Amino acid sequence: MPILTEPLTAIERSSLQRHKNNGWVRETHFGRWFLRSDTWYRYVLSLAVLDFKRMLLDRIPLNGRILDAGCGEGITFGLLETHLKPAQIAGIEIDLEQAKKAIRVAAGMRTPTQVIHGSAADPTFEHNSFDLIFSHQLLHHTCQQAEVLAEFYHLLKPGGILLVGESCRSFINSFFVRLLFRHPHMVQKEAQDYVDLVKSAGFSIDDKDVVTSRPWWSRRCLGLAQKCGIGKNNNTPTEVLIVAIKPI
């Protein structure tokens, strides 16, 4: 699929409809606003990138090519540039409106950055063309999880790194998330299920490369229930970070 240009063409309109037919559910207006909010950027996205940086240590590819899969409006580009120092960044985004905004962000980047409108499950880029793929909160938004991971496997060079950050079923199915956001039905998984899913696509994952957590924003009533003594023994992870390697 070519890099998106304006105005929207008939081919792009057809592509958008095809993505919907494949089970993509567009986020709510509130959800799209929240995913560009300072709260999301500071307390979720930035911390995830920093956590991945700590997990990678000396494995960060030197002058590598990075794919931001499900890049949204492109607000991660600057974080990837600052902390992972790639030579090139590419983004792919299924939501047309967000992809157009990401293109404008890409144009202002110091690091050469391109954005493509499309599905991460589709064969869009050349195989063995990326050193690292950043997939943050993508899998629980798609019914094509196996297809997405298979494509990630093809896109990474041997020894390449896949970073997967996911919200778990226990969080996605909570009342306020179901009220305010939209997700495909019955495709979300718990932390170990995501690990098993990534492994089933052919990736290698060491135990030290899996980190689970229950951040305050993912808890019932933003953690106030636990402070009041309700559900203190609930240790079910709501978030998981995975560093996976494509075998050489």
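Values in this document were obtained by computation on a predicted structure and should not be read as measured data. (Residues numbered from 1 in each chain as written. Predicted model: local features only at pLDDT ≥ 70, side-chain atom pairs only at ≥ 80, totals over all residues. Heavy atoms only, no water.)

Further remarks concern the environment of Leu197. Structurally, Leu197 is set in helix α9 (residues 191–200). Along the sequence, Leu197 and Leu149 sit 48 residues apart, while their C-alpha atoms lie 8.5 Å from each other. Residues within four places of Leu197 in sequence aside, it is in contact with Gln145, Leu149 and Lys189. (Helix = DSSP H or I, 4+ residues; strand = E, 2+ residues; numbered from the N terminus. Contact = heavy atoms within 4.5 Å.)

Counting buried positions over the six residues of strand β2 (residues 88–93) gives five, a clear majority of the element. With five bridges connecting them, strand β1 (residues 65–69) and β2 associate as parallel partners. Looking across to β2, one finds that Asp68 is bridged to Gly91. Two strands pair when backbone bridges link them, and β2 and strand β3 (residues 113–117) are joined in this way by five bridges, in the parallel orientation. Bridge assignment links Ile92 to a residue of β3, and that residue is Ile116. Read from β2 through helix α5 (residues 96–107) to β3, the crossover connection turns out right-handed. (Buried < 20%, exposed > 50% of the residue type's maximum accessible area, 1.4 Å probe, protein only. Pairing = 2+ DSSP bridges. Right-handed = clockwise from strand over helix to strand, strands pointing away.)

Moving on, we come to the pattern of salt bridges. A complete count under the given rule lists 12 salt bridges for this structure. Close ionic contact of Arg59 with Asp209 constitutes a salt bridge, the shortest N to O distance being 2.8 Å. Taken together, the positions of Arg59 in the loop between α3 (38–56) and β1 and Asp209 in the loop between α9 and β6 (210–213) put the pair 150 residues apart, joining distant regions of the chain. For Arg169, the salt bridge goes to Glu190, with nearest N and O atoms at 3.9 Å. Taken as a pair, Arg169 in helix α7 (residues 169–172) and Glu190 in the loop between α8 (175–180) and α9 lie far apart in primary sequence, 21 residues in all. Counted as one network, the salt bridges with shared partners bring together Arg26, Arg36, Glu73, Asp95, Glu97 and Lys101. (Salt bridge = Lys/Arg side-chain N within 4 Å of Asp/Glu carboxyl O.)

We now examine the nonpolar core. Core analysis: the biggest nonpolar cluster contains 30 residues, and Leu67, Ile133, Phe152, Leu162, Val198 and Ile242 have the highest contact counts within it. Among the secondary structure elements, those contributing two or more residues to this core are β1, β2, β4 (130–136), α6 (145–155), β5 (156–167), α9 and β7 (239–245). No other element matches α9, which puts five residues into this core. The residues contacting Phe152, other than those within four sequence positions of it, are Ala69, Ala120, Ile133, Ser135, Leu138, Leu162 and Phe203. (Core = buried A, V, L, I, M, F, W, Y, C linked by side-chain atoms within 4.5 Å.)

Judged by side-chain polarity, Tyr43, Leu47 and Trp216 come together as a nonpolar surface patch covering roughly 280 Å² of accessible area. On the secondary structure map, Leu47 appears in helix α3. Assessed through its relative accessible area of 39%, Leu47 is described here as partly exposed. (Patch = residues over 30% accessible without salt bridge, like charges linked within 9 Å, V, L, I, M, F, W, Y side chains within 5 Å. Areas by Shrake-Rupley, 256 points an atom, 1.4 Å probe, with all protein chains shown as cover.)

At Leu57, a position not held by glycine, the phi torsion is positive, near 55°. Relative to the assigned elements, Leu57 resides in the loop between α3 and β1. What makes Leu57 exposed here is its relative accessible area of 64%. The phi dihedral of Lys85 falls on the positive side, at around 50°, and the residue is not glycine. Within the secondary structure, Lys85 is located in the loop between α4 (77–84) and β2.

Per the counting criterion, the structure on display carries 11 aromatic pairs. The interplanar angle of 80° and the centroid separation of 6.1 Å between the aromatic rings of Phe52 and Phe134 together place this pair among those described as edge-to-face. Here the residue Phe52 occupies a position in helix α3, and Phe134 occupies one in strand β4, the gap between them amounting to 82 residues. Residue Phe52 is classed as buried on the basis of its relative accessible area, which comes to 1%. According to the relative accessible area criterion, Phe134 is buried, its value standing at 2%. Taking 5.3 Å as the distance between ring centres and 75° as the angle between the ring planes, the aromatic pair formed by Tyr153 and Phe203 counts as edge-to-face. Placement of Tyr153 in helix α6 and of Phe203 in the loop between α9 and β6 is noted, with a sequence separation of 50 residues between them. Take Tyr153: its relative accessible area is 24%, and that puts it in the partly exposed class. (Phe/Tyr/Trp six-rings, centres within 6.5 Å; stacked < 30°, edge-to-face > 60°.)

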